[in-house]
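Each chain, letter by letter, is given below.
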Amino acid sequence: MSDHDFERQLRAALKPVNPGADFTARVLTRIAAEEPARRVRMPRSPAMAGWLGFGLAASVVVAALLAHQWQVRRIEQGREARRQLIEALRVTDEKLDLAYRVVNAQPHAATSPNPGA
Amino acid sequence: MSGDEACASGALLVRANAGDTAAFATLVRTHQRLVHSLALRMLADRQQAEDLAQEVFLQLYRSLGSLESEEHLKFWLRRVTMHRAIDRLRREPKLPVAPLAEAEIVASESVDGDPLLERRLRALVAELPPAARAVVLLRYQEDLDPLEIAQTLRMPVNTVKSRLKRSLAELRERMTAAAGAVP
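Residues numbered from 1 in each chain as written. Chains lettered and ligands numbered in written order. Predicted model: local features only at pLDDT ≥ 70, side-chain atom pairs only at ≥ 80, totals over all residues. Heavy atoms only, no water.

Peer 1: Help me understand the interface of chain A and chain B, please; the structure alone is not making it clear to me.
Peer 2: A common way to express how large an interface is: the accessible area buried when the components associate. At the interface, 29 residues of chain A touch 41 residues of chain B. A buried area of about 3,500 Å², summed over both sides, lies between chain A and chain B, and 58% of it is on carbon and sulfur atoms. Counting the surface chain A buries against chain B, the share from its top three residues, L14, V17 and R30 of chain A, is 20%. When the shortest N-O distance is used, the salt bridge between D51 of chain B and R30 of chain A registers 3.0 Å. Counting across the chain A and chain B interface gives 12 residue pairs in polar contact (both at pLDDT 80 or more). When residues of the side of chain A that touches chain B are traced back to their parent elements, those giving at least two are helix 1 (3-13) and helix 2 (23-34) of chain A. For the side of chain A that touches chain B, a count of residues per class yields 13 nonpolar, four polar and 12 charged. (Contact = heavy atoms within 4.5 Å. Buried area = accessible area lost by both parts, 1.4 Å probe. Salt bridge = Lys/Arg side-chain N within 4 Å of Asp/Glu carboxyl O. Polar contact = N/O pair within 3.5 Å; in protein donor to acceptor, adjacent residues only side chain to side chain. Helix = DSSP H or I, 4+ residues; strand = E, 2+ residues; numbered from the N terminus. Nonpolar A, V, L, I, M, F, W, Y, C, P; charged D, E, K, R; others polar.)

Below you can see the structure in the form of C-alpha cells.
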C-alpha cells in the first residue's frame, strides 16, 4: 500500500462524527445550570479596562500613602512617649533629691544643742 | 467557507455575545461535530467525550467576547478541545485507550471504504500517545497542515512534522503486523 493510499484510508477512518441527538439542548441546559453562579463578567471594552487599571493603581498609591502616614504617626508617638518618660524621670529625680536633702537635714537638727534645755 | 457564510457566522458571534441564546445554539450546532469528534477520538470514550465537548462549549459561552471571526472561533475550538483532552488524559492516565464504542464505529463507517480496516485504524490511532494522537487527528480528521497544527497545539512545527512521520510509520507497521497475524 502506498503512502498516499494509507493516508486516504486514515482520512476515511477519521471522518468526523456527530454527537448524539439533542447535544445542543444538553449544552444549553448545562450552561443554564452552571452560569448563574458565575455570571460575573469582567468589563470588555478597552476604555473600561483602562479605568479599572487606573482605579487599581490609584488604590495602590492611596494604600501606600496611608501606610506611610501610619508609620510617621507611630514614630511621632514613640518620640512623645520617650519625651514623657524623660520628664517623669527628671521629676522623680528632683523629688528623690529633695527627699534625700530632707532626710539628711533631720539628724543634723536632732544632734544640735537645745538652747531651751 | 464563502464570504456570506463567514459574514453570517460573524453576525452570529456578535448576537451570541449580546446574549442571544438562539444564536449561541446555532453556533453549537454548527461546530458540535468538530468538537465532539476530536474529543471522542482523543479520549476513546463516548461519555467522557460528551462531557468534554460540553465543557468546551461552556467555556466558549464565557469567552464569546474574545472571539473575532469564524476562523478564530474554529481555531479556538480545536485548541481548547485538544488541550482539555490532553490535560484529562494526563490527569486520568487510566482512561480506556481501547477501540471506540461500537455505536460510534458503526456511525462513522464509510459506505464505500473497508469497515474492518477503518475500525482497526481508529483503534490504532487511539493507542498512540496523547500528543502524537492529537497531531494525527488534526492532520487527518481536520485536514490542517503542520504549521496550523503547530499553532493549535503550541508546539514547534518541526516537532509536529517528526511526530506525524513517526506516528504514520508506527501505524503502518502495526497495520501490517495485524494483517500478517490474520490467518
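Peer 1: So what exactly am I meant to see when it comes to the packing of helix 4 (residues 70-91) of chain B against helix 7 (residues 130-140) of chain B here?
Peer 2: Relative placement of two packed helices is described by the angle separating their axes and the distance separating the axes. Residues and elements named next belong to chain B. Where helix 4 meets helix 7, the closest approach of the two axes is 10 Å, and the angle between their N-to-C directions is 155°. As summarised for this structure, helix 4 and helix 7 are arranged roughly antiparallel, according to the angle between their axes. As for the relative orientation of helix 4 and helix 7, their crossing is right-handed in sense. Every residue of helix 7 that contacts helix 4 at R78, M82, I86 and L89 is listed here: P130, R133, A134, L137 and L138. (Axes fitted to C-alpha atoms, helices over the stretch in contact; angles between N-to-C directions. Parallel < 35°, antiparallel > 145°, perpendicular 65-115°, else oblique. Left-handed = near helix turned anticlockwise from the far one by under 90°.)

Peer 1: Help me understand the packing of aromatic side chains in this model?
Peer 2: How two aromatic rings sit relative to each other is given by the distance of their centres and the angle of their planes. The full count for this structure, using the stated rule, is three aromatic pairs over all chains. When the centroid spacing of 5.8 Å and the interplanar angle of 90° are considered together, the rings of W51 of chain A and F54 of chain A count as edge-to-face. Of this pair, W51 of chain A and F54 of chain A both sit in helix 3 (residues 46-111), three residues apart, which is roughly one turn of the helix. Looking at R139 of chain B, its charged tip hangs above the ring of Y140 of chain B, at a distance of 5.7 Å from the centre. (Phe/Tyr/Trp six-rings, centres within 6.5 Å; stacked < 30°, edge-to-face > 60°. Lys NZ or Arg CZ within 6 Å of the ring centre and 35° of its normal.)

Peer 1: It is not clear to me how unusual backbone geometry should be interpreted in this structure. Could you clarify?
Peer 2: Trans is the common state for peptide bonds, and a negative phi is the common state for residues other than glycine. Residue and element names in this part refer to chain B. Notably, D143 is not glycine yet its phi reads approximately 60°, a positive angle. By the element assignment, D143 lies in the loop between helix 7 and helix 8 (146-153). Residue D143 is classed as partly exposed on the basis of its relative accessible area, which comes to 49%. If you check the backbone angles, R154 has positive phi at about 55° while not being a glycine. (Buried < 20%, exposed > 50% of the residue type's maximum accessible area, 1.4 Å probe, protein only.)

Take it as geometry only, folks, not as evidence of what the structure does.
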